[in-house]
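Structural overview for review
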Amino acid sequence: MIRFRNLVTTLLGLAALAVLTAGCTGATALPSATAPLPTAEALTPQASSPAWPTPVVIDWEPELELTGDTDHVTEQTIAFLREGNLYVVDAESGVETRLTSSANVTYLFGWSHDRTKLALGVGWYAIPESDGPVGTDLWVVDLSAGRPAKAKAVTKGLKVAWAEWSPIDDRIAYGSTDATLHLVTEEGLVVPLPICQRERAYLGTWSPDGTQLTYRSSDAYFGEMRLVLMDMMAGGTTLVLAPAGEFTVGYAFSSDITWSLDGQELLYRREPAPEGEAGLWRYRLDGDGRYHLELPETMAGLHVGVVGPRSPVADEIVVVGYGPPDIRRTAVMTFAGEVRLATEGQAVAWSPDGQALALLGRDGSIRLEWFDGNTRHLGGLEATQVRWSR
């Protein structure tokens, strides 16, 4: 009964969003980057709005073949992909377990909030004669203790470009290759999220309390990006935090927007940017202003390709820089710009306690590095994507 009531509340709230966000290209521009910001204004609603779509229930026989299961998932469990299959490895013992045999897993989207499930991308489709987005199907593998692993398909049609779990429950927000947004409810219903007319939405990121979703959008494929905030609760509205042209918020398919633990700040990378404004920006949602942060000195001369994710326990983020021929450097810095750690390699995941990083080597090995200086090497994995249970 509680889950049903939550579902009804969610649908009613999203219906309200549909009314408020149809045709919202005429939002009022906000002040300059250095001026204090007032509370962001809600987008102007239109008198008419599209009919609220009926949620779609997807249910069919899965095509993902499971070959094994793990007794239980702990804070030492690391998931990774190798040659299209899903594996888990224990960070302490180095013992690995293969979970699939179908060799068609293309994305490892991440762990659910309670570490019992993994979201995967299965299959691969690229738009013919185009450099446009590639699509996959969204699957969930249940690794709950005390029962065999189970896999369930959530979408079909190879149209999922990215997906992210809610940090508080089993909802999943995902974006399609046509740049639309969707929500998978805890009951498994697929609900299209209402966005502005002609708007193309890219890469959403949940707030820590699971009530808001920030994403980038434009009116053209890979056009000038604006930063948008969607309230995911009943009666919510959509706010334009940074209008198109004022801020170019990274690239459409790079992970570079991070929330603070208290949900009051966003930290993001601006690239490309005018001279003197490249690097990182802090954005206070309470209207206190936007602040420019210099990149760590270890990133000098490198292309900063990744910003985030945030530590699970502190306002600290990972910054990864790339350079020729095979340079990869990682820095951990606070939202205030203080550098806590600088090391060689590409960090791909935090430990659940926020005291260590998993760094991926070019040979697919994983190096675990703690802030106290200890390291551990997991060799021979040939991993391509890595997610530490959170």
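Here the structure is shown first, and the text comes after it.
Predicted model, so just to flag it, every value in this text is computed and none were measured.

All right, on to the overall build of the chain then. A count of helical and extended segments in the chain gives one helix and 29 strands. Counting every position in the chain, which comprises 390 residues, the buried fraction comes to 53%. Here the analysis covers contacts within the chain between residues at least 6 apart in sequence; of these, 48% occur between residues at least 24 apart. As presented, the chain carries roughly 17000 Å² of accessible surface, and 51% of it is formed by carbon and sulfur atoms.

Now for the environment of Gly-263. In this fold, Gly-263 is placed in the loop between strand 17 (257-259) and strand 18 (265-270). Spatially, the C-alpha atom of Gly-263 lies 6.0 Å from that of Pro-208, the residues being 55 residues apart in sequence. Other than its neighbours up to four places away in sequence, Gly-263 contacts Pro-208 and Leu-285.

Turning our attention to the sheet that holds strand 25 (residues 346-350). With respect to topology, four strands assemble into an open sheet ordered 25-26-27-28, the strand pairing being antiparallel. Of all strands in the sheet, those with a lone pairing partner are strand 25 and strand 28 (375-378), marking the two edges. Recorded for the sheet is a direction-independent mean angle of 25° between the axes of neighbouring strands. For strand 27 (residues 366-370) and strand 28, the ladder comprises four bridges, and the chain directions are antiparallel. When the sheet's bridge partners are listed, Ile-366 is paired in strand 28 with Leu-378.

Now for the packing of aromatic side chains. Two aromatic rings, taken as a pair, are described by how far apart their centres are and by the angle between their planes. Applying the stated criterion across every chain yields a total of three aromatic pairs. Aromatic side chains Phe-80 and Tyr-87 sit 5.3 Å apart centroid to centroid with 10° between the ring planes, which places their arrangement in the stacked category. Note on accessibility: Phe-80 and Tyr-87 belong to one class, buried. Judged by centre distance (5.4 Å) and plane angle (10°), the ring pair of Tyr-107 and Phe-109 falls under stacked. Directly above the ring of Tyr-87 sits Arg-82, whose terminal nitrogen or CZ lies 4.4 Å from the centroid. In this arrangement the basic side chain of Arg-340 is found over the ring face of Phe-371, its NZ or CZ atom lying 4.1 Å from the centre.

Another aspect to go through is the nonpolar core. Core analysis: the largest hydrophobic core is formed by 19 residues, its most contacted members being Leu-64, Ala-79, Leu-86, Leu-108, Leu-118, Leu-120 and Leu-143. Only strand 2 (77-82), strand 3 (85-90), strand 5 (105-111), strand 6 (117-126), strand 7 (134-142) and strand 8 (150-153) provide two or more residues apiece to this core. Setting aside its immediate chain neighbours within four residues, Leu-86 contacts Ala-79, Phe-80, Leu-81, Thr-97, Arg-98, Leu-99, Thr-100, Leu-108, Leu-118 and Leu-120.

Attention shifts here to the pattern of salt bridges. Summed over all chains, the structure comprises ten salt bridges. Among the ionic pairs, Arg-282 bridges to Glu-265, the shortest N-O distance being 2.7 Å. Placement of Arg-282 in strand 19 (residues 279-284) and of Glu-265 in strand 18 is noted, with a sequence separation of 17 residues between them. Between Arg-329 and Glu-344 there is a salt bridge whose closest N-O contact spans 3.5 Å. A residue pair is termed long-range when its members are at least 10 positions apart, and Arg-329 in strand 23 (residues 327-334) and Glu-344 in strand 24 (residues 339-344) qualify at 15 residues. Take Arg-329: its relative accessible area is 26%, and that puts it in the partly exposed class. Residue classification places Glu-344 among the partly exposed positions, given a relative accessible area of 47%. Because the salt bridges share partners, they merge into one network encompassing Glu-265, Arg-282 and Arg-284.

Turning next to the sheet that holds strand 2. One open sheet accounts for four strands, arranged 4-3-2-29; its pairing is antiparallel. The two strands at the open ends of the sheet, each matched to only one other strand, are strand 4 (96-98) and strand 29 (386-388). In this sheet, neighbouring strand axes are inclined to one another by 20° on average, regardless of whether the strands run parallel or antiparallel. Relative to strand 29, strand 2 runs antiparallel, the two sharing three bridges. Across the sheet, Ile-78 pairs through a bridge with Trp-388, a residue of strand 29.

What counts and what doesn't
- Residues numbered from 1 in each chain as written.
- Predicted model: local features only at pLDDT ≥ 70, side-chain atom pairs only at ≥ 80, totals over all residues.
- Heavy atoms only, no water.
- Helix = DSSP H or I, 4+ residues; strand = E, 2+ residues; numbered from the N terminus.
- Buried < 20%, exposed > 50% of the residue type's maximum accessible area, 1.4 Å probe, protein only.
- Contact = heavy atoms within 4.5 Å.
- Areas by Shrake-Rupley, 256 points an atom, 1.4 Å probe, with all protein chains shown as cover.
- Pairing = 2+ DSSP bridges.
- Axes fitted to C-alpha atoms, helices over the stretch in contact; angles between N-to-C directions.
- Phe/Tyr/Trp six-rings, centres within 6.5 Å; stacked < 30°, edge-to-face > 60°.
- Lys NZ or Arg CZ within 6 Å of the ring centre and 35° of its normal.
- Core = buried A, V, L, I, M, F, W, Y, C linked by side-chain atoms within 4.5 Å.
- Salt bridge = Lys/Arg side-chain N within 4 Å of Asp/Glu carboxyl O.

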